[in-house]
Amino acid sequence: MNRNTKFLRTLILLVLLVTLMYIAFPLHDVPSKQQVPHVPGKSPLSDSVQVRNISAANVSFTYTYRDLEFNLCKEAKKWTSNSDQEKKKSEVQCPRKAISSVVFIKGRTGNQMWEYASVWAVARRTGLEPYVPRCIRNRLKEIFDMLTVPGFEDIAHCPVEFKTFVNSIEEWTSTNQSIILPRYTLQPELVLTWVQDIRQEFHFNKEIRNKAQRVLLDLSRKLPRKEYTFVGVHVRRTDYQGYLDRKYGEKLVTKAFFINAMNYFNSKYSNCLFIYVSDDPGWCSKQFGRMKNVFVASNENSPAEDMAILSYCNHTIYDYGTFGEWGALLAGGETIYLNMTQNMRKGTGKFMNWIPMK
């Protein structure tokens, strides 16, 4: 056997050996159940692009709603598969229809209320089954006691069918499709179609109701006996200055806005009492505390108690944000709000008694 033949045989053996090693020990790990394919540089499921990329991925395991929730909720790591909240696999009845839900959880109480309400409204319009991640529902059920939308724990072991996901009612063409609302896609116009019903969803629990009602009752007892018109005023300051400056190049609203709004109510209703709730009660006391018909609520109240106080008033004034917005929606009555573009929520325009003011 000549040297060329030996070299050729050796080369063939080496190629076969490398091929066998590649088959036996692949370079890429097979995804484990906790690994979720996602776009590099983005957090899992942060927006609609993420959902579509996962749906396109060749996931080799059964991906459940518990896995989905694990990627949506920071606190999900504390929820074990045998959590008291979670139904046993044998008890789970997977949705007979497609579902309505949300994949972007951000913000505090007001934003979470819009996320929940949007899922609720989409399901009501389409007939889909609504579900929300526990990190929304658990926070809201600490405040409200009549929530009807269940959490993912009810379907924790059910498989997620990514190929059926669409991101809006406009894309929805079949009852087999689930509508999973992506980042910043809220549905105020749809929610406010059933404003009376959503007020029932956001029914404060007994402890919060009692605290808010006691604040108003104690105040009225200190005053001469009259029929008072309570006007809730929400003032947002501490965390908003930086945001306004970065986003819009504007400064916080001045005292003049609130004076103008109070003058409106004083001219229209008798015996007005203005109840201020704020993240900066010191500023409110300094600006308005000497007025006889102004009461600044204690900074010892929780945010939920402040919102309940707003909801029990007859009318509302607010400057920025979803917190004051929900206080006004739950109260009903007339609302004066700061005339800024970001405050022009679609849907509130249908209320003739919502008045923008500078």
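A brief report on the enclosed structure follows. If you're wondering where the values come from, they're calculated on a predicted model, not measured in any experiment.

1. Details of the sheet that holds strand 5 (residues 229–235)
No. 1: The six strands lie next to each other as 7-6-5-8-9-10, forming an open sheet whose pairing is parallel. At either end of the open sheet lies a strand with only one pairing partner, and these are strand 7 (294–296) and strand 10 (354–357). On average, each strand axis in the sheet is tilted by 20° relative to the strand beside it, whichever way the strands run.
No. 2: As defined by bridge partners, strand 9 (residues 335–338) adjoins strand 10 across four bridges and the pair is classed as parallel. Looking at strand 10, one finds that Thr 335 is bridged to Trp 354.
No. 3: Along the sheet face, helix 12 (residues 303–311) touches strand 5 and strand 6 (272–278) and points at about 160° away from the line of strand 6.

2. Here's the deal with the sheet that holds strand 3 (residues 165–166)
No. 1: Strand order in the open sheet formed by four strands is 2-1-4-3, with parallel pairing between adjacent strands. Looking at which strands have only one partner, the edges of the open sheet turn out to be strand 2 (129–130) and strand 3.
No. 2: Two elements, strand 1 (residues 99–102) and strand 4 (residues 178–181), share three bridges in a ladder whose sense is parallel. Paired with Val 102 across the two strands is Leu 181, which belongs to strand 4.

3. Comments concerning the nonpolar core
No. 1: The biggest cluster of nonpolar side chains holds 55 residues, and the ones touching the most others in it are Phe 202 and Trp 326.
No. 2: At eight residues, helix 4 (residues 109–126) tops the list of elements feeding residues into this core.
No. 3: In contact with Trp 326, not counting residues within four places along its chain, are Gly 110, Met 113, Trp 114, Ala 117, Val 191, Ile 198, Phe 202 and Met 307.
No. 4: Of all hydrophobic cores here, the second largest spans 25 residues; its members include Val 231, Tyr 276, Ile 317 and Leu 338.

4. What to know about the packing of helix 4 against helix 13 (residues 321–331)
No. 1: Contact geometry for helix 4 and helix 13: axes closest at 7 Å, N-to-C directions at 60°. Taken together, helix 4 and helix 13 sit at an angle that is classed as oblique. The residues of helix 13 that touch helix 4, namely those facing Gly 110, Asn 111, Met 113, Trp 114 and Ala 117, are Thr 322, Phe 323, Glu 325, Trp 326, Leu 329 and Leu 330.
No. 2: Across the contact of helix 4 with helix 13, the residue classes break down as seven nonpolar, three polar and one charged.

5. As for the packing of helix 8 (residues 206–221) against helix 12
No. 1: Close contact between helix 8 and helix 12 brings their axes to 9 Å; oriented N to C, the two are set at 60°. Considering the angle they form, helix 8 stands oblique to helix 12. In the crossing of helix 8 with helix 12, the sense of the turn from one axis to the other is right-handed. Within the contact between the two elements, helix 8 uses Ile 208, Lys 211, Ala 212, Val 215 and Leu 216 and helix 12 uses Ala 304, Glu 305, Ala 308 and Ile 309.

6. Digging into the pattern of salt bridges
Two side chains that carry opposite charge are able to pair once their charged atoms sit near each other.
No. 1: If you walk through the whole model with that rule in mind, you get 10 salt bridges.
No. 2: Arg 124 serves as the salt-bridge partner of Asp 197, at 2.7 Å between the closest nitrogen and oxygen. Residue Asp 197 is found in helix 7 (residues 195–201), and its partner Arg 124 is found in helix 4; the two are separated by 73 residues along the sequence.
No. 3: On the basis of relative accessibility, which here comes to 41%, the residue Arg 124 falls in the partly exposed class.
No. 4: With a shortest N-O distance of 3.7 Å, Glu 153 and Arg 134 are connected by a salt bridge. A residue pair is termed long-range when its members are at least 10 positions apart, and Glu 153 in the loop between helix 5 (134–141) and strand 3 and Arg 134 in helix 5 qualify at 19 residues.
No. 5: Residue Arg 134 is classed as buried on the basis of its relative accessible area of 0%.
No. 6: One continuous salt-bridge network, built from bridges that share partners, spans Glu 69, Arg 134 and Glu 153.

7. So, the state of the cysteines
No. 1: Evaluated as defined, the whole model comprises two disulfides.
No. 2: There is a disulfide in this structure between Cys 73 and Cys 135, and the S-S distance comes to 2.0 Å. Disulfide Cys 73 to Cys 135: torsion about the S-S bond roughly -60°, handedness left-handed. Note that Cys 73 is positioned in the loop between helix 3 (65–72) and strand 1 and Cys 135 in helix 5, a separation of 62 residues in sequence. Each member of the pair, Cys 73 together with Cys 135, is buried.

8. Points about the environment of Ala 331
No. 1: Mapping Ala 331 onto the fold places it in helix 13.
No. 2: When the C-alpha atoms of Ala 331 and Asn 314 are compared, they prove to be 6.3 Å apart, with 17 residues separating the residues in sequence.
No. 3: Among all residues touching Ala 331, those that are not within four sequence positions of it are Leu 310, Ser 311, Cys 313 and Thr 316.

Thresholds applied
- Residues numbered from 1 in each chain as written.
- Predicted model: local features only at pLDDT ≥ 70, side-chain atom pairs only at ≥ 80, totals over all residues.
- Heavy atoms only, no water.
- Pairing = 2+ DSSP bridges.
- Helix = DSSP H or I, 4+ residues; strand = E, 2+ residues; numbered from the N terminus.
- Axes fitted to C-alpha atoms, helices over the stretch in contact; angles between N-to-C directions.
- Contact = heavy atoms within 4.5 Å.
- Core = buried A, V, L, I, M, F, W, Y, C linked by side-chain atoms within 4.5 Å.
- Buried < 20%, exposed > 50% of the residue type's maximum accessible area, 1.4 Å probe, protein only.
- Parallel < 35°, antiparallel > 145°, perpendicular 65-115°, else oblique.
- Nonpolar A, V, L, I, M, F, W, Y, C, P; charged D, E, K, R; others polar.
- Left-handed = near helix turned anticlockwise from the far one by under 90°.
- Salt bridge = Lys/Arg side-chain N within 4 Å of Asp/Glu carboxyl O.
- Disulfide = S-S within 2.5 Å.

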